[in-house]
Every structure is written in structure tokens, then in C-alpha cells.
Amino acid sequence: MVRMMAGLGGALILAGGMAHAQDGTSDTEALLGQSWDEIVEAARGGEVNVFMWGGADNINAYVSDYIGGLLEEDYGITLNRVPLTDTAEAVNIVLGEVEAGAKAGAVDMIWINGENFRTMKQGDLAWCGYVDKLPNAALVNFDNPAIANDFGTPVEGCEVPWSRVQFAFAHDTARTDAPPRSIPELLGWAEANPGRFTYPAPPDFTGAAFVRHVFTHFAGGADALIGPFDQARFDEVAAETWQILNDLEPSLWREGATYPTSITQLQQMFANQEVDLFFTYDPAEVGTAVVNGIFPETAQSYGLTDGTLANTNYMVIPVNAANKAAAMVTQNLLLSGEAQLEKAQPDVWGAATVIEPDRASQEVQAGFAALERHPSVVSIEELGQAALPELQADWTSAIEDGWIANVGN
Amino acid sequence: MIGRGHPWLSLAPALGVTAVLFGGGLVLGLMGSFGMGRGGFTFDAWSAVLSEGRVWRSLGLSLWIAFASTALACVIGLGAALLLRRRFPGQGLARLLFQINLTIPHAVGALGILWLLSQSGFLARLSAGTGLIDGPAGFPALTQDRYAIGIIAHYVWKEVPFIGLILLANMQSLGDDPEAAARSLGASPFAAMRLVLLPLLRPALIRAGAIVFAFSFGAWEVPVLLGQSAPTALPVLAWQRFTDPDLAARPEAMALAMLIALVSALLIRAAFAGRS
Amino acid sequence: MRTALGLVLIAALMAPLVPLALWSVARGWFFPQILPATWTLEPWMRAFAPRSDIPGALLTTTLIALAAAGLALALGIPAGRALGLYRFRGKALVELALLAPVIVPGIAVGLGVHGVFLRLGLTNSALGVVLVHLVPTLPYVIFVMSGVFANYDAEAEAQARSLGARPLQVLWHVMLPAIAPGVMVAGLFAFLVSWSQYILTLTIGGGRVVTLPLLLYAQAGAGRNDQAGVLAMLSLAPGLVILALVARQLSGRGMTFGGTR
């Protein structure tokens, strides 16, 4: 429902009239020609405006306090975090500004992935080609297809990776000792335990991801769906998927007459023992929930044997950003071993890193090795063994619309 | 009453603001529904909306919610007013709670009703505690159900004090005991109430009922918390279209909002027609 | 019998408020716990901690409601006077126009008004929100004030003027004291209507103008039931204050206007 406070797209947000400092580095050609030290000096004493989803306090604190603190201390840069309810809002600001010919934009950096990134890249709104200049880019393995592609769109140096997430399920060991560990098992389990499973209705983000898992399974695996959208293949798989999901309805909570409207509602229902399974894109969330008293201590997250969707999220610099040098310094800091390690600490955020720890310093490596995982959280390595790539955006929206029309009504 | 006159200067500011904001808002919504904001005039949004089964189901649901809520609130509100007009232990507290209820925002009430009536809510836990049910599934589905019981329960909870206080105020101005004469002629208390009091209260009851109907038909805050995922109340559907990343859905959202306004406008007509 | 029904009524009126209050002092309260397993004041402390946006939202909501009520009174008192004291052709139509916003749901107006406010630069601003709040608050003020003026003794004004008083003196010494209670009621109800607005605030404020109802839905939607409980309790506060100020007027006067919704 936080997503319900959604930005209203388009020209909604008036970027004009927002006063912002410029560090005189809107000239990208000049920037690309400078050395890193020159770029840092140009950015010193300035500010950077970071637009990102603001729905999680711990993430906000990490960015504003930890990253913001380091930027201030080491570089004299002031970090302004602008909270969003929907990343599309920031994309629309940039779109509006570029269309209106605004040279120095209000947005310096956006936390982004998926459809939003594709919109920016295709619209030539993303600044590309600077990533090599960041010293800490050496810590990242850009050949990893999971990092080189953002929901099927090649990144090609137009954004910098920040965190990885992977879809995981959760159950309460006290209630369910043998949870289903694959999609077919899940379907069978639901029928054997009527009313104990359900999923949020798309367009909820996580609910749509669940539907994609089912779709991928009936397509014969993620490999069958790699690449651009194929209407014929979609229709084939969709027919079977909707059939299965409709047949599943009598075994679902409320017999499928209604679905939870958000992942939050599913979380509450799991906590209230109305359903026995939960799932999330952030397995660390299960640990946080146990610590906060939302889930019982016996809650446990786990992966599927046939794999779960994994994706990377990134930071992009708009082509008309006013403080590009400061943004580059910030991105470099975000990629640093220390910042990635801090982010991975379970009591800070618990987010999976995008860097290769063995490319970082000894201390950072030791830190990663010593990372304590909350017992309720499945290990990233274990999950990562069966990671499925995300589908391209056309598949995603077709699956979502198809579910709403064929199953959800 | 001063009598005849032309106080247009006094009326102008209020009329002006109402015309610009309210009238303008409606007109722009109408224009938006014809796609006029993005150039051109088209019936596309309206034909899409009116031919969509989902829209009719939502309209039907919203009408059901409004009728049921209004009918129940009027009947119970009348009963509550009759109850509260005479002294009894607790009368003061009940009246006070009525007044407090008026000041409670709908969002707060809806959240409270959700946490009270859901299958894992307060009442369900009391039932489980006393052994009446085994688990949440044993408790009846009162929220997010196809009869919109939770939504109607909220509107009744919120509007009974509203209607009750209006009727009480009216009864106060009617004097101490308007039915006394009828009773002294041998009529039973119930008949006296039905034949004497009700007709006197009718205008106020109709007007209050119209307000309740319009609100329970067009409000978003309540069905979003207490309603099913599909079909969903008409205002929720309109808001979903308005916030859809696909901007082509925007004219459809306006069309739905105009539909809501149209039904409400027909209500004003009916309510004011019954007035004189 | 009357007492029994009365008790049922009282219980029903208070019931939904119970889980809201309990969640605001709980740390995790899930089925089948009837009462929270852990009682704590932490939600309240977190609500008023430096990083919390609740105090800011409290201030914003209050200021916007005061401004909207003030504006509504400024526009509505003269209009109410006109409707209450005068007969004129087209009066029914004027009444219809001024009171229609009570019947027409906010969403119908908000979506349309959004476009023009955008062009005027009023979106994402508190000013824009105050202006759009006028739509639901003004009719209430007009309704109350027209009732007040209908009972108003215009003779007193005529007498004062015949004794040589200037119009401003008449206003200050004759009219205002007479209508003051009604003004207070109308103003406070306008405050309450603005206080509980959601759709209009969200549409025009764009999520940048953060009021208590917005936070309430955000917290409830994020599953932070303890914070939502605190917000619910805070949202009740002005209503209780207003009631204390106005109670005498409500029960004493036999006004035909019963209250806000």
C-alpha cells in the first residue's frame, strides 16, 4: 500500500523552481577527459541529489547516515536523499526536464532497475560510458551476466550495480516441517493443504514475481524465455499457466475468490497464521521480521530446487544531472569494499553485495567471511546456486496483464 | 430574514471559489475523460470503460455497498435516536460517544474495523480463546468478502451517530413529546411513532441518508482497506487507473470519476426533489 | 431494556478503537494473542523520535486544517448570511451549487483539478492542498452559517444603524457576537473535515505534502501496525479537543445540522 501513494507519472512533479547547487560539471566530455583526482576535486564541497525508494527505514538510514556521513567527512559533499514511493516518479522528472531542454537537472542519481532502467536507456536519458573511471569498478565482475544485464536489457556502462536480491520462500518450522521446495511441489502442497496458501494479486511487485516463477516453470525453465518477447511462445505457455492457476483456486485461501492486495498483507497473514507460506525478494527481511517480533522465531526462509528469480539493482546518473562529478564520487563510494560490507551486515540492511570480495582488501574479505546470518535467513550462497535470470520487461508486463485478465477477475 | 434582496457581493467569493475549484474540477475531469488533455477529442476512454465487465461489476458493488449502508444506518440511526431521547443509565455516555464518533476520520475507523473483524482480528482471537474456533479459517470471512460486510459495517458504525444526532436535534426542536396527543387518543406507542414522529423526521432523514449514500458510494479510503481484490469498489478502480504507469489509462480514470460524480448528482436531484 | 440496548450501543461504538489503541503499545501482536504478549511504549517513543516524520506531519496537518478552516470561514460566513437572510430568484440553484460538493465525492474533483493546479504550479505544495481542501470544507461552513443566520435577529442590526452606528461597528458589536458560537462550530467542523482528508491531499500534494492520514495509510500498508496505531490515536486528538469546546453548542442549541462525517 506504500506503493499506492504512487507518483502520478508524467509531468506531475514540477522540477522547475527547485534551487540546486551546481558544481559546474554538466559538461560530460570534460569530465570523461579528467583524471579521477581531478573529478574528486571538482566535486569537493558540492552536493548530490539521490532519488530512491524511501519505504524502508534501515535503507534510508544506511544511505543518509553512513554514506552521507562518509561523503561529508572525506569529500565535503552533501548528500540529499529524496524519498520516492515509486522510482518511475524520478524517471518522469528527468524525462520532463530533458524534453523541456533543461540543462542542469534536479536528479543526480536514481536507484533503479528493470522497466525503469529500460525506459531511461532507450530514451537516451541515462549517462553512459563513465563507469571505467570509477576506481572501485575494478571490484565488480562486469562479465557476470547477472550484472551485465538488467532484466534482460544490456547495461553497457549506463548504470552502476549496487545490490543483488533473490526471491526466497519462508515457512514456520513449528507449523510446517516439510515445505514444498519446487513449483510443482508447491502446487501439490496447496491442494493437500487447502486454504493455507495464497499470493498477492499482480500488479503487486512480489505477487507478479511469483506468477513469473510459475510461468517460467511451465515454459520449461528460464532458458526457454531468454531474449525478446515472442508472442507465440507467450500464448502457448500462458494458456497452460492460467489453466493451472485457475485450477489451483479452490485450494487457495478464501478459495481464490479474493487475493491479498499487497505483499504486506501476505506478510501479516503469515504472521497471523492465516497462511503457512510466505515469500519475498529480500530473504534478509525474514530475519529482520523475527528480530522485530513480526515473525515467530521459528520462521525460516528457503530457496527452491528449480531456482528462484534473482536480479541486481543499480544506480543510474541521468544525462542531464547537474552534479555529475559528485554523483561519480558517490557511486564509487557505494561500490567500495567497506560500504558493501556495511550494507551486508544483517543489522544494517543484510543486502547481498555486487562486488567480488576476493578483489577487495584483506579486512573486507575477512569481514565478509565473518558475516553473521540470522538463523532464519537462508544463506546467499545456497540461494545463489539456483538463480534464475529475470525476463525482459515485455514478458513481465504481458504476464502481469494476462494474470489480471484471466485469473484475477 | 431580511426579505428580498440581492446579496451577490456576499455570495460572489464563495460562488467563485466553488465554481473554479469544484465546477472547474468536474469540467476538467470530463474533458480529461475525452482525452482532451493530450490533444483531440475521443470517446475511446468512455467506450473502453463502459464495455468493460470489470467496471460494471465495480459499479454494482459500489451501489450495493451504498444502498445497504444507507438503509442500515438509517434504520439503526433512527432506533438509536429513539433510544437516546429518553433518560436511562448510560444515556450521557452514549450521546458522548456518538459525538466523539463524528470526529473520528474514516481512515481510522476503517483500520479499526479491519483489525476488529478480520479472520485473525480481535473478535476472531476472542473466539479462539474461548474455544469457539480452531484457527483463523474457522472465523467467518467478514472482511474482503463478496458481500462487502466489513465495508458496510464500517459505514454503519460511522454513520449511525451522524444520522442519530441529526434526528435527535430535530426531535429536540419538535418539542418534548410530539406523539403525546396521538397516544392520548388511544394509539399504541409504536403506531404513534410511525404516524406522527416519522413523517416529521422524514425530511431530515432523507437528506442525511442522501449524504450517507453519496459518501459510501464514492469514498476510496474504506474499500481499499476492507475490500476484495476483485471486483473492487468503483473509486478504488478509478484510483488504480489514475496511478497506472501506462498514461493511456488516465482518461479512463477520469471517465470512472465522472461516472461516480454522475451517480452522486442523480442523488442530489432525488434528495432535493423530496425536500419541498 | 433501554439500558441493555444502550450498553450494546456503547460497546459497538468503542469496539473498533480497541485494537487500534492496543497496537500502539504492542511489540508484535498476532493471532491467537488476545492481548499483546509484549507491552511497550516504544511505538510512541519512535513516533516522536528525531528521525520520525510524525511530528512534522502533525504540524503540517494542523496548519493546513487551520488555513483551510480560516479561508472557508472567510468565504462561507458572507455566503451563509446571504442564504440565511435573503430571498432571491435563483436561490435554490445557488444553494445547490454551493452545497453540491458535500454530495459529489472528492475523487471526482481531485483528478480533474490536478491538471489545472499542475499548470499553476500549485501541485506538491501546501498552498495547493489548502486550496483544494476548500472544496469539502466550504459547503459545511455555508450550511452551518446559513442555519445560524436563519435564526438571526436582523432587527438588532437595523436598530444599531438607526442609532447611528457605522457598518463596521455594527459588524463588530452586533453581528459577530451573535453568530460567534455558530462560527466556532462551523470553523471547528471545517478543521475536522480538512484534518481527515486523504485523496485530495495525495492527488494535489503528490505525496510531498505529508499529513497524518497519508502516514496512516503508508504505515498500515507497510505492515507497521504499531506506528499505524499511534497515528490512529493521534488522529483522534483534535476531534476530542474540538468536542470539548463545542459540546455545549451541539447539545444546547437544537441545531438542525448534526455534525460532520
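Each value, and the rule that gives it
Residues numbered from 1 in each chain as written. Chains lettered and ligands numbered in written order. Predicted model: local features only at pLDDT ≥ 70, side-chain atom pairs only at ≥ 80, totals over all residues. Heavy atoms only, no water. Helix = DSSP H or I, 4+ residues; strand = E, 2+ residues; numbered from the N terminus. Buried < 20%, exposed > 50% of the residue type's maximum accessible area, 1.4 Å probe, protein only. Contact = heavy atoms within 4.5 Å. Areas by Shrake-Rupley, 256 points an atom, 1.4 Å probe, with all protein chains shown as cover. Core = buried A, V, L, I, M, F, W, Y, C linked by side-chain atoms within 4.5 Å. 1 Å grid on protein atoms, 1.4 Å probe; cavity = no way out; pocket = protein on both sides within 12 Å on 5 of 7 lines; lining within 4 Å. Points joined across faces, edges and corners; volume = space filled by probe spheres on them. Nonpolar A, V, L, I, M, F, W, Y, C, P; charged D, E, K, R; others polar. Salt bridge = Lys/Arg side-chain N within 4 Å of Asp/Glu carboxyl O. Buried area = accessible area lost by both parts, 1.4 Å probe. Polar contact = N/O pair within 3.5 Å; in protein donor to acceptor, adjacent residues only side chain to side chain. Expected span 1.5 Å × (residues − 1). Bend = angle between axes of the 7 residues up to and from the residue. Axes fitted to C-alpha atoms, helices over the stretch in contact; angles between N-to-C directions. Left-handed = near helix turned anticlockwise from the far one by under 90°. Arc of directions from axis to C-beta.

### Re the overall build of chain C
Okay, so step 1: Scanning chain C from terminus to terminus reveals 12 helices and 1 strand.
Okay, so step 2: In chain C, the succession of α and β elements from N to C terminus is α-α-α-α-β-α-α-α-α-α-α-α-α.
Okay, so step 3: A principal-axis box enclosing the C-alpha atoms of chain C has dimensions of 75 × 60 × 35 Å.
Okay, so step 4: Residues counted as buried form 59% of the 261 residues belonging to chain C.
Okay, so step 5: Long-range contacts, defined as pairs at least 24 residues apart, comprise 71% of the intrachain contacts of chain C with a sequence gap of at least 6.
Okay, so step 6: Carbon and sulfur atoms make up 68% of the accessible area of chain C, which amounts to about 10300 Å² in all.

### Structural notes on the nonpolar core
Residues and elements named next belong to chain A.
Okay, so step 1: Ranked by internal contacts, the top residues of the largest apolar core, which has 235 residues, are Phe197, Tyr199 and Phe295.
Okay, so step 2: Beyond its immediate stretch of four places on either side in the chain, Phe197 contacts Leu186, Trp189, Ala190, Phe210, Leu252, Trp253, Val275, Leu277 and Phe279.
Okay, so step 3: By size, the runner-up hydrophobic cluster in this structure holds 51 residues, among which are Met109, Ala344, Ala351 and Ile355.

### Some points on the layout of surface pockets
Okay, so step 1: Approximately 990 Å³ is the volume found for the second largest pocket.
Okay, so step 2: In terms of lining residues, the second largest pocket is bounded by 31 residues, among which Gly54(A), Asp57(A), Asn60(A), Pro83(A) and Asp53(C) are the most central.
Okay, so step 3: Of all elements in the fold, only α3 (57-75) and β2 (78-84) of chain A together with α11 (212-221) of chain C reach the threshold of two or more residues within the lining of the second largest pocket.
Okay, so step 4: Classifying every residue of the lining of the second largest pocket gives 14 nonpolar, 9 polar and 8 charged.

### What about the pattern of salt bridges?
Okay, so step 1: Evaluation of the coordinates by the stated rule reveals 15 salt bridges over all chains.
Okay, so step 2: We note a salt bridge from Glu156(A) to Lys121(A), for which the minimum N-O separation is 3.0 Å. With Glu156(A) in the loop between β5 (153-154) and β6 (160-166) and Lys121(A) in helix α5 (residues 114-122), the pair connects residues that are 35 residues apart, well separated along the chain.
Okay, so step 3: Between Glu42(C) and Arg46(C) there is a salt bridge whose closest N-O contact spans 3.1 Å. Of the two residues, Glu42(C) and Arg46(C) both sit in helix α3 (residues 42-47), 4 residues apart, roughly one turn of that helix.

### Comments concerning the side chain of Gln227(C)
Okay, so step 1: Mapped onto the elements of the fold, Gln227(C) is located in helix α12 (residues 225-253).
Okay, so step 2: Apart from residues lying up to four places away in sequence, Gln227(C) is in contact with Pro43(C), Arg46(C), Ala47(C), Ile54(C) and Gln219(C).

### Details of the interface of chain A and chain C
Okay, so step 1: Contacts between the two partners involve 24 residues from chain A and, on the opposite side, 25 residues from chain C.
Okay, so step 2: Roughly 2000 Å² is buried in total at the junction of chain A and chain C, and carbon and sulfur atoms are behind 54% of that figure.
Okay, so step 3: Our count for the chain A to chain C interface comes out at 0 salt bridges.
Okay, so step 4: By residue class, the composition of the side of chain A that touches chain C is 15 nonpolar, 6 polar and 3 charged.

### Observations concerning the interface of chain C and chain B
One widely used convention gives an interface's size as the accessible area the parts lose upon coming together.
Okay, so step 1: Listed as interface residues are 91 residues of chain C and, on the opposing side, 94 residues of chain B.
Okay, so step 2: Summing both sides of the interface, chain C and chain B together bury roughly 8000 Å²; the carbon and sulfur share of this comes to 79%.
Okay, so step 3: Connecting chain C to chain B are 0 salt bridges.
Okay, so step 4: For the pair chain C and chain B, the number of links is 7 residue pairs in polar contact (both at pLDDT 80 or more).

### Re helix α7 (residues 126-150) of chain C
Residues spaced three or four apart along an α-helix face the same direction, because each turn holds 3.6 residues.
Residue and element names in this part refer to chain C.
Okay, so step 1: With 25 residues, α7 ought to run about 36 Å at 1.5 Å a step, and its terminal C-alpha atoms sit 35 Å apart, in line with that.
Okay, so step 2: Where α7 bends most, the angle comes to about 45 degrees, and this point is Val135, followed within four residues by the proline Pro136.
Okay, so step 3: Taking burial as the measure, the 25 residues of α7 include 19 buried ones, the bulk of the element.

### Quick word on the packing of α3(A) against helix α13 (residues 337-344) of chain A
Residue and element names in this part refer to chain A.
Okay, so step 1: α13 packs onto α3 with a crossing angle of 145 degrees between their chain directions and a minimal axis gap of 12 Å. The crossing of α3 and α13 is right-handed. For the pair α3 and α13, contact is made by Tyr62, Tyr66 and Ile67 and by Glu338, Ala339, Gln340, Glu342 and Lys343, respectively.
Okay, so step 2: Classifying every residue of the contact of α3 with α13 gives 4 nonpolar, 1 polar and 3 charged.

### Focus on helix α14 (residues 362-369) of chain A
All names here are of chain A.
Okay, so step 1: By the burial criterion, the buried members of α14 are Val364, Gly367 and Phe368. On an axial view of α14, the arc spanned by its buried residues comes to 95 degrees, and they lie on one face. The outward face of α14, more than 90 degrees from its buried face, is lined by the exposed residues Gln362, Glu363 and Ala369.
Okay, so step 2: Buried-residue contacts for α14 involve α13.

### Observations concerning the environment of Ser301(A)
Residues and elements named next belong to chain A.
Okay, so step 1: Mapped onto the fold, Ser301 is located in strand β9 (residues 299-302).
Okay, so step 2: Relative accessible area serves as the criterion here: at 2%, Ser301 is assigned to the buried category.
Okay, so step 3: A sequence separation of 14 residues divides Ser301 from Gly287, and the C-alpha atoms of the two residues are 8.6 Å apart.
Okay, so step 4: Side-chain polar atoms of Ser301 contact the backbone nitrogen of Val378, separated by 2.9 Å.

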